[in-house]
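Chains, contacts and geometry: an overview
Each chain, letter by letter, is given below.
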Amino acid sequence: MIRLAMICLCLSAAPAVAEPFPATYEVRDVAANDVLNIRAQPRADAALIATLPPFAINIEVLETSEDRRWGLVSTGEGNGWVSMRYLNHTIWPDPYTVPRPLTCLGTEPFWSVALLPRGA
């Protein structure tokens, strides 16, 4: 009886941990000579409204479809849906840290600053 109770407990539906949106993603598994289609609805046969290049980064997904197979992204002109199979979640770095190495260049009066792992 205890085994049956344990099995039922393990198989019971647990609340899913929802990912906070919006979140950033990058395109993955798209050939260098291909594009990722952005569709009008979360369906493969929906109208094509825009595309993403194969190495696009910092793509903001606003929400996912109920089945989590499609993500809503901004196209600049509006919103569209892309297959989540071709997106990889990226983690934003701490906004209060400066990435290193970092180089900044200017023209007048010809200045430059470099932040390296060991200093500036």
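Residues numbered from 1 in each chain as written. Predicted model: local features only at pLDDT ≥ 70, side-chain atom pairs only at ≥ 80, totals over all residues. Heavy atoms only, no water.

Moving on: the overall build of the chain. The secondary structure content of the chain amounts to one helix and nine strands. When its helices and strands are written in sequence order, the chain yields α-β-β-β-β-β-β-β-β-β. Of all 120 residues assigned to the chain, the portion counted as buried reaches 23%. Contacts in the chain between residues far apart in sequence, at least 24 positions, make up 48% of those at least 6 positions apart. (Helix = DSSP H or I, 4+ residues; strand = E, 2+ residues; numbered from the N terminus. Buried < 20%, exposed > 50% of the residue type's maximum accessible area, 1.4 Å probe, protein only. Contact = heavy atoms within 4.5 Å.)

Counted according to the given criterion, the structure contains three salt bridges. Residue Arg28 pairs with Asp29 through a salt bridge whose shortest N-O separation is 3.7 Å. By relative accessible area, which is 35% here, Arg28 ends up partly exposed. Take Asp29: its relative accessible area is 57%, and that puts it in the exposed class. Residues joined by salt bridges that share partners form a network here, namely Arg28, Asp29 and Arg85. (Salt bridge = Lys/Arg side-chain N within 4 Å of Asp/Glu carboxyl O.)

Ranked by internal contacts, the top residues of the largest apolar core, which has 14 residues, are Val27, Leu36, Leu52, Ile59, Val82 and Leu87. Contributing elements (two or more residues each) for this core: strand S1 (23-27), strand S2 (36-39) and strand S4 (59-64). Looking at this core element by element, the count peaks at three residues for S1. The residues contacting Leu87, other than those within four sequence positions of it, are Tyr25, Glu26, Val27, Arg28, Leu36, Ile59, Val61 and Val82. (Core = buried A, V, L, I, M, F, W, Y, C linked by side-chain atoms within 4.5 Å.)

Our next topic: the environment of Ile91. Within the secondary structure layout, Ile91 lies in the loop between strand S7 (87-89) and strand S8 (102-105). Distance in space between the C-alpha atoms of Ile91 and Tyr25 is 8.2 Å, their sequence separation being 66 residues.

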